[in-house]
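As a plain string of letters, each chain reads:
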Amino acid sequence: MISSHQGVSPRIDPTAFIAPNAMVYGNVTIGTNARILFGAQIIAEGGAICIGDECVVMENAVLRSLDNHPLTIANNCLIGPHAHVVGCHLEEEVFVATNASVLHGAHVGARSEIRIGAVVHIKSYVKPDGMVPIGWVAVGNPASILPTEEHECIWRIQKPLNFPLSVYGLERDEATTKKVTQKLCAKLASLKED
């Protein structure tokens, strides 16, 4: 399904393929020979999404942007099945594997690999030719690449990046689930208007 959001329609190169059950929604640009496969969700909720030439977005991947977090994917990137890529920048030839996540404000350098189940955290920078191993976390700028068992070290780096403020506009001490969901519901009310 290809749908407009707030009066802005996706711009899809005629050489691209969009699977019939994929969703492309809002301010999205898709480049030449790109392939958006079955069940993929590309949702521009505010900020633009730009997918370069010859990119492949595999089955059930979710790509999103927000007002303050556009999503840019350069040429020849591969986004694996069930990956979650939101409001970040991927340089050329980046591979985001199955179930991996690249979060708000992150930047992944050219030819990097984000392997199965790995996470690139908010505002983190993975240098070109970098690699985040299976299930590990990249956090910070430049990113420290750590196993999940190093939670205390990850938290020391992650905490000042202030996820609640960066993503929801709420200070950490006021970011209760109730306040987050109320804010999201208000913001997402515009979806009903489409």
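This one's a predicted model, so the numbers in the text were calculated from it and none came from an experiment.

About the cut-offs
- Residues numbered from 1 in each chain as written.
- Predicted model: local features only at pLDDT ≥ 70, side-chain atom pairs only at ≥ 80, totals over all residues.
- Heavy atoms only, no water.
- Helix = DSSP H or I, 4+ residues; strand = E, 2+ residues; numbered from the N terminus.
- Rg over C-alpha atoms; globule rule 2.2 N^0.38 Å.
- Buried < 20%, exposed > 50% of the residue type's maximum accessible area, 1.4 Å probe, protein only.
- Contact = heavy atoms within 4.5 Å.
- Pairing = 2+ DSSP bridges.
- Core = buried A, V, L, I, M, F, W, Y, C linked by side-chain atoms within 4.5 Å.
- 1 Å grid on protein atoms, 1.4 Å probe; cavity = no way out; pocket = protein on both sides within 12 Å on 5 of 7 lines; lining within 4 Å.
- Points joined across faces, edges and corners; volume = space filled by probe spheres on them.
- Nonpolar A, V, L, I, M, F, W, Y, C, P; charged D, E, K, R; others polar.

Visitor: Which residues make up the overall build of the protein, and what are the values?
Guide: Regarding its fold elements, the protein presents 4 helices and 23 strands. For 194 residues, the compact-globule estimate of 2.2 N^0.38 gives 16 Å, and the C-alpha radius of gyration of the protein, at 16 Å, lies within 12% of that figure. The dimensions of the protein, computed from C-alpha atoms along their principal axes, are 45 × 40 × 20 Å. Out of the 194 residues belonging to the protein, those deemed buried represent 43%.

Visitor: Could you give an account of the environment of Ile 36, with specific residues and numbers?
Guide: Within the secondary structure, Ile 36 sits in strand E6 (residues 35–36). Residues Ile 36 and Ala 106, spaced 70 residues apart in sequence, show a C-alpha to C-alpha distance of 22 Å. Residues within four places of Ile 36 in sequence aside, it is in contact with Phe 17, Ile 18, Ala 19, Ala 22, Ile 30, Ile 42, Ile 51 and Val 57.

Visitor: Break down the sheet that holds strand E18 (residues 113–114) for me, with residues and values.
Guide: The sheet built from 7 strands is open, its strands ordered E3-E6-E9-E12-E15-E18-E21 with parallel pairing. Both edges of this open sheet fall to strand E3 (17–18) and strand E21 (131–132), since each of them pairs with a single strand only.

Visitor: Before we move on, could you go through the nonpolar core and cite the residues and values that matter?
Guide: Counting 38 residues, the largest nonpolar core has Ile 30, Leu 63, Ile 79, Leu 90, Val 96 and Val 102 as the members making the most contacts within it. Looking at this core, the elements that each hand over two or more residues are strand E5 (28–30), strand E7 (41–44), strand E8 (49–51) and strand E11 (71–73). Beyond its immediate chain neighbours, meaning those up to four positions away, Val 96 contacts Leu 78, Ile 79, Gly 80, Ala 83, Val 85, Leu 90, Val 102 and Ile 114.

Visitor: An account of the sheet that holds strand E22 (residues 137–139) is requested, with residue identities and associated values reported.
Guide: The sheet built from 9 strands is open, its strands ordered E1-E4-E7-E10-E13-E16-E19-E22-E23 with mixed pairing. At either margin of the open sheet sits one strand with a lone partner, and together these are strand E1 (2–3) and strand E23 (144–146). One ladder, built from 2 bridges, connects E1 with strand E4 (residues 23–25); its direction is parallel. Pairing of Ile 2 across the sheet is with Val 24, part of E4.

Visitor: Provide a residue-level description of the side chain of His 104, including the pertinent values.
Guide: As for its placement among the helices and strands, His 104 is situated in the loop between strand E16 (101–102) and strand E17 (107–108). Given the relative accessible area of 6%, His 104 is considered buried. Not counting residues within four places of it along the chain, the set of residues in contact with His 104 comprises Leu 66, His 69, Val 86, Gly 87, Ile 122, Lys 123, Phe 163 and Val 167.

Visitor: Explain the layout of surface pockets to me, and be specific about the residues and the numbers.
Guide: For the largest pocket, the calculated volume is near 230 Å³. If you trace the largest pocket, you find 13 residues lining it, with Asn 68, Val 167, Tyr 168, Leu 184 and Lys 187 closest to the centre. Elements supplying a minimum of two residues to the lining of the largest pocket: helix H2 (163–168) and helix H3 (177–187). Ranked by the residues each element gives to the lining of the largest pocket, the list is headed by H2, at 4 residues. Its residues assigned to classes, the lining of the largest pocket comprises 6 nonpolar, 3 polar and 4 charged.

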